[in-house]
Amino acid sequence: MASRRVVIVGGGTAGWMTAAALTRLLAGQCSVHLVESEAIGIVGVGEATLPHIRAFNERLGINEAEFMAATRATFKLGIEFRDWGRIGDTYIHPFGTFGPGNAELNFHQYWLRLRQQGVAVPDLEQFSVGCMIARRNHFALPSGDSRDLASTFGYAYQFDANLFAPYLRKLSESWGAKRTEGRIVTVHRDGESGDIAAIELESGERIEGDLFVDCSGFVSLLLGKALGEPFEDWSKWLPADRAVAMPCRTEGAITPYTSAIAMPAGWRWRIPLQNRTGNGYVYSSKFLSDEDAAAALVASVEGEPIAPPRQLRFIAGRRARSWVGNCIGVGLSSGFLEPLESTSIYLIQAAITGLLELFPEPDISPVDRGEFNRLIDLEYDRIRDFLILHYHATERDDSPFWDYVRTMEIPDSLAEKMELFRRRGRVVKYREGVFLDASWVAVYLGQRVIPQGHDLRADAPGAESLVAGMVQLHRQIAEIADGMPDHAEYLARYCPMAA
Amino acid sequence: MAGGPIRSVVAAGGGMVAWGCAAALRRKLPALEVTVIPIPVAAGALADRIASTLPSVLDFHRDIGLEDSDPVLRAGCGFRAGTLFEGWVDGRDDYAHVYDRYGQQFGTTSFHNHWVRAAKKGGAAPFDAHAPAAAMARAGRFLLPEHRPAGSPLSEFGFGLALDVDHYTAMLRAYAQHIGARERPAAITGVQLRAEDGFIAGLALDDGGTITADLFVDCTGPAALLRSELDQSFEDWGQWLACDRMLIANAGATEGQPLDHAIAHAAGWRWAATNPARTSHGLVYTSAHLADADAALALRGSAGVEPGAPIALRQGRRPQPWLRNCVAIGDAAITLEPLEWTNLHLAHNFIDRLVAMLPDRDCAAVELWDFNRQCAAETDRVRDFLVLHYVASRRTDPFWRDLRAVAPPASLAHTLSLFGDRGRLPFYEDETFSRDSWLAVLIGQGVIPRRTDPLIDSVPPEQSDRAMATIRDSLAAIVSTLPTYSVFLSTLKGQSAP
């Protein structure tokens, strides 16, 4: 079979992740040529990841400690949400389960039952190993034995995206990727098929290809601009359309979690790396000016700024199709969902996995395109509802922004999920996708969607034995978390960045 | 909450479905008062009558507190490793659908991609020769996976039960009563609806009494004596599953076999399945192509005994098994031919869902919506798997030719085009059958992908061939040491005798 010429447009996280995967896993099937312009630079707000990134790295044979050192990475056990349900509220969405995680019935059902019977049970997060480690700023790798309570948490990374792309670039180039520096001025299309035939650089160089992967970011140079694929706008549900980012020196703890702090017109992230802390304010331009947003961010950061505030613009939504003709959008060129649940890199990964598994013949089959687009649609739909939930499930009425999201119409699929949780704490197994039961439970309860009842199966055990079991579990979890080393200490031993 | 919690449930039906439902409700929700009205099992109540089950039956037993060995030692049931499909494609060998892995993954892609590459080159060994349970069962041998060392082949396969239906139903009835279900022996003479909201208020019984409850479970078979009083809507699948008749003939016990047989017939298919008490035979056919009398003659020829009266099938499902305070389970909700033995499996999953999702007395629409949605999604996936057997067939008889000319459901069409083109199976939620099961039938019926997965090019074909030969050799070596199915079964029963 003839080797396919793959041209990747854009060299950020999406571009180099794609290049690394193709050169490593489809060696001999295709040549990879990546075009990037240093003048454009990368967005790289996606510094916090989901546990899925570990599978990606493993598949490429990347050594964890080496990768973490190179990207100044820290561990991430989940996300702390502050001030979302009400000002003063805090909860952690952990990567892991509540309770032992292997029971027939979700642990929170027993917890709900006792609470509804008036038993003074500690907060649910006290029964999550991941949350309890996070609250102590501790860390150690999870146990590999699934019967072990210390195996019930997962982890991801917080890293410097500006270092991740170069790290992957080095690997990709060693695996045969070719890189050209330059700005694209023209996209040439085949007159008959409409496929992309070549791209032309400012230098006059013309690069031909069989398959074009658009990793150009928001500008969506190929998919959006050249091919005109329509954009489905979700901003009526996810009105944030701006962000302002600014790193600073770390004054607080190097937390093994990302923080998402609700603000009057959106929310603010805090992502601690080994050497600095990333900050940003995601907001809606309808409710806040850029100047005021920047000022609010500067006022809120914990340490001395390392760079001036940088503005970003976006619209929540996605292109109707991600694969059109011989062009595949990976990353922001195919859609954008705000980084509230750290899904940006996950979505890149999903697209790359789809491309690997559906890598086409020279004559691209519509079956491949159709299946790829179906997969990407599913991912976006699943994440969308989960993100909207964060905004809608609130009692905040202290600003026009929160008034809007609290009272807006939400998709029916989400309204039904919320109603079922309110009734008896049931998590609908419907397009659950990347976020499993515990994630939904954490956000619902954390944002005051409180069930009136509970699953009747939770009534089966006697009250005394149930309480005794909870007390024991609570103690065991505290012991596990207490016994782990400090996160910063663990990093210094496991994957210290170069001085 | 509205109406307060449900306190009482009446399950109408006297077979495995009603008694299984009563046992599950009592076991999981001991506060409920559960009463069964044990009306006789209808001829067309397949979930109550078919003896072959899927592996999920064991999960159901564990859930309701029965030991794995109970049905075998206390109700005379046997085991089944899968089904042997014969004659579904002209000129092609039979194939075994077992509940096990087909091959082991080596390299980065799934085993079948390697097999497909070898098959396109010519001379690949049968696909099922790489499935441990198929190798075992084809040799007429059997051992439970728990009797094999962990991690070795044959330590992880799934198996179903070959039920002795009468004894098994009696055991479930005794068990359900033991854990507190009540029986009200009577016939139902009328369904009384509440004027204000159309909920079922009670059932009039032939002993002159009336029984009331908060929730009514209709396990009465295709007539759906209760549920059909609320509405008649039905989604008809006759265009894809055209068999509208069935005969069952029960012969005496014969030498037990770990594989059932599903044999294609000019106007449908027939089965032969052993259990320790008897051998069950059946013929599923379409009346347009085969007269009842000829069908009876044909089945008598293969079974050696006279079949029962023809059973009419109208395949399809109720869009809403649960409406108001009445939920239909089993053949009251779904009619499917017993191909792949899904009838009881689906009934059990409906029961599990009922237990997990039991609403308040008001049976709020949003809670029923989710129950019905999940049931529909699951049933549609099973439908696709059954239809697959027909669309992937290749026989010249008019019945088969006509069926292949019908466009399959869109979800199945997508599977067929994606697999046919590049050997990939799309992911769908609420799937009953594993990827290995889909592969077993697709490849077993000769659907060979047009191209091979590019991800296997890093593994040279000779290396794949060697790995496949190693799998077959090691399976052959293990299988030769296993007991025959009958020896295994008699040893198991002998060991456990008091």
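What you are looking at is a predicted structure, and each value in this text was computed from that prediction instead of being measured. Counting starts from 1 at the beginning of each chain's written sequence and moves along it residue by residue. To label them, take the chains in the order written and letter them from A, then take the ligands in the order written and number them from 1. Given that the model is predicted, a residue must reach a pLDDT of at least 70 before its local features are reported, and side-chain atom pairs must reach 80 or more before they are shown or counted; all residues, however, enter totals for whole chains, interfaces and linings.

Section: the overall build of chain B
Our working rule: In DSSP terms, a helix is any run of H or I states spanning at least four residues, a strand is any run of E spanning at least two, and both are numbered starting from the N terminus. Both definitions apply: the radius of gyration is a C-alpha atom measure, and the globule rule equals 2.2 Å times residues to the power 0.38. To sort residues by burial, count the other C-beta atoms lying within 10 Å of each one's C-beta; a count of 20 or more means buried, 12 or fewer means exposed, and anything in between means partly exposed. C-beta atoms are built from the backbone. What counts as a contact here is a pair of residues whose C-beta atoms, placed from the backbone, lie within 7 Å.
Helix and strand counts for chain B come out as 15 helices and 21 strands. Relative to its length of 498 residues, chain B is compact, with a C-alpha radius of gyration of 23 Å against a globular reference of 23 Å. Judged by the C-alpha coordinates and their principal axes, chain B covers about 75 × 55 × 50 Å. Classification of the 498 residues of chain B by burial places 53% in the buried group. For chain B, long-range pairs separated by at least 24 residues make up 76% of all intrachain contacts whose partners lie at least 6 apart in sequence.

Considerations on the overall build of chain A
Within chain A, the secondary structure is distributed over 15 helices and 21 strands. In terms of principal-axis extent, the alpha carbons of chain A reach across some 75 × 50 × 50 Å. Looking at chain A as a whole, 51% of its 499 residues are labelled buried. Intrachain contacts of chain A at a sequence separation of at least 6 include 76% that bridge at least 24 residues.

A closer look at the sheet that holds strand β15 (residues 268-274) of chain B
Residue and element names in this part refer to chain B. As a reminder of what qualifies: Strands were regarded as paired on the criterion that DSSP finds at least two bridges between them. Note on definitions: angles span 0 to 180 degrees between N-to-C directions of axes, and those axes are lines fitted to C-alpha atoms, for helices only across the stretch in contact.
Taken together, the seven strands give an open sheet; going across it, the order is β5-β4-β14-β15-β16-β13-β17, and neighbouring strands pair in mixed fashion. This sheet does not close on itself; its edge strands, each paired only once, are β5 (95-98) and β17 (311-312). The pairing of strand β4 (residues 82-86) with strand β14 (residues 259-265) spans five bridges and is classified as parallel. Residue pairing in the sheet places L84 in a bridge with H261 of β14. Each of β13 (245-252), β15 and β16 (278-285) is contacted by helix α8 (residues 292-303), which is oriented at about 25° to β13, the strand it contacts most.

Let's talk about the domain arrangement of chain B
Residues and elements named next belong to chain B. Going by this rule: The split of the chain into domains comes from an automatic or database domain assignment. For this classification, the nonpolar set comprises Ala, Val, Leu, Ile, Met, Phe, Trp, Tyr, Cys and Pro, the charged set comprises Asp, Glu, Lys and Arg, and every other residue, Gly included, is treated as polar.
Domain assignment breaks chain B into domain 1 (8-79 + 163-236 + 315-381), domain 2 (90-158 + 383-485) and domain 3 (245-312). Relative placement of domain 1 and domain 2: their C-alpha centres are 34 Å apart. Examining the composition of the side of domain 1 that touches domain 2, we find that six residues originate from one element, helix α10 (residues 365-391), more than from any other. Tallied by class, residues from the side of domain 1 that touches domain 2 come to five nonpolar, four polar and five charged.

Focus: the interface of chain B and chain A
Interface extent is often summarised as the accessible area lost during association of the parts. Listed as interface residues are 23 residues of chain B and, on the opposing side, 24 residues of chain A. For the side of chain B that touches chain A, the elements supplying multiple residues, two or more each, are α9 (343-357), α10 and α12 (410-422) of chain B. No other element matches the four residues that α10(B) contributes to the side of chain B that touches chain A.

Focus on helix α12 (residues 412-424) of chain A
Residue and element names in this part refer to chain A. Worth spelling out the cut-off: In this analysis, the expected span of each helix is defined as 1.5 Å times one less than the number of residues it contains. Directions from the helix axis toward the C-beta atoms define the arc.
For α12, built from 13 residues, the straight-helix expectation of 18 Å at 1.5 Å per residue is met to within 8% by its first-to-last C-alpha distance of 19 Å. Among the residues making up α12, those that are buried are K417, L420, F421 and R424. Around the axis of α12, the buried residues are gathered within 100° of arc, so they sit on the same side. Immediately downstream of α12, the backbone of G425 shows phi near 70°, a positive value.

Section: the nonpolar core
What counts here: Note on terminology: a nonpolar core is a set of buried residues of type Ala, Val, Leu, Ile, Met, Phe, Trp, Tyr or Cys, with members joined through C-beta atoms within 7 Å.
Counting 305 residues, the largest nonpolar core has A:V9, B:A11, B:C21, B:A22 and B:I329 as the members making the most contacts within it. Once residues within four sequence positions are removed from consideration, A:V9 is found in contact with A:V35, A:I184, A:I199, A:F212, A:V213, A:D214, A:C215, A:S216, A:L221 and A:L222.

Description of the pairing of strand β16 (residues 277-283) of chain A
Residues and elements named next belong to chain A. Along β16, seven of the seven residues are buried, which leaves the element largely enclosed by surrounding structure. Neither face of β16 is open: one carries T277, N279, Y281 and Y283, the other G278, G280 and V282, and all of them are buried. Alignment of strand β13 (residues 242-245) against β16, held across four bridges, turns out to be antiparallel. Within β16, the residue paired with R242 across the bridge is Y283. Strand direction decides the pairing type here: strand β15 (residues 266-272) and β16, joined by seven bridges, are antiparallel. Note that in β16 the partner of I271 across the bridge is G278. Here β15 folds back onto β16, and the loop between the two strands holds four residues.

Some words on the confidence of the model for chain B
Interpretation of the predicted coordinates at a detailed level should be avoided for regions scoring low in pLDDT. Our working definition: Confidence scores per residue from the predictor, reported as pLDDT, run from 0 to 100.
Mean pLDDT over chain B works out to 95, with 99% of the residues at or above the 70 mark. Scoring the predicted complex yields pTM 0.93 and, for the interface, ipTM 0.88.

Notes on the packing of helix α10 (residues 366-392) of chain A against α12(A)
Residue and element names in this part refer to chain A. Note the threshold: Left-handed describes a crossing whose near helix is turned anticlockwise from the far helix through less than a right angle; right-handed describes the clockwise counterpart.
Contact geometry for α10 and α12: axes closest at 10 Å, N-to-C directions at 60°. When the axes of α10 and α12 are compared, the crossing they make is right-handed. Taken together, the residues of α12 that come into contact with α10 (itself represented by D385, I388 and L389) are S413, L414 and K417.

Let's talk about the sheet that holds strand β12 (residues 231-233) of chain A
Residue and element names in this part refer to chain A. In space, the three strands of this open sheet follow the order β12-β18-β21, with antiparallel pairing throughout. Strand pairing shows two members of the sheet lacking a second neighbour, β12 and β21 (335-336), which therefore form its edges. As paired elements, β12 and strand β18 (residues 317-319) share three bridges and run antiparallel to each other. Paired with F231 across the bridge in β18 is R319.

Section: the packing of helix α1 (residues 13-25) of chain A against helix α6 (residues 161-174) of chain A
All names here are of chain A. Rules: Throughout, the term roughly parallel applies to angles under 35 degrees, roughly antiparallel to angles over 145, roughly perpendicular to angles from 65 to 115, and oblique to all others.
Contact pair α1 / α6: the axes reach a minimum separation of 9 Å and the direction vectors enclose 25°. Of the possible angle classes, the one that applies to α1 and α6 is roughly parallel. Handedness of the crossing formed by α1 with α6: left-handed. Note on element contacts: α6 touches α1 through A161, F164, A165, L168, R169, L171 and S172, opposite T13, W16, M17, A19, A20 and T23. A per-class count over the contact of α1 with α6 returns nine nonpolar, three polar and one charged.

Observations concerning the environment of B:G330
All names here are of chain B. Tracing the backbone through its elements, the reader meets G330 in the loop between β20 (326-328) and β21 (334-335). Take G330: there are 33 C-beta atoms within 10 Å of it, and that puts it in the buried class. Non-local contacts of G330, meaning those with residues more than four positions away in its chain, are made with V17, A45, A47, D48, C219, G221 and A347.

A word on helix α5 (residues 111-121) of chain B
All names here are of chain B. Residues F111, H112, N113, H114, W115, V116 and R117 constitute the buried set of α5. Along its buried surface, α5 packs onto α13 (435-444) and α14 (461-479). In the stretch just after α5, G122 is the one whose phi turns positive, near 100°.

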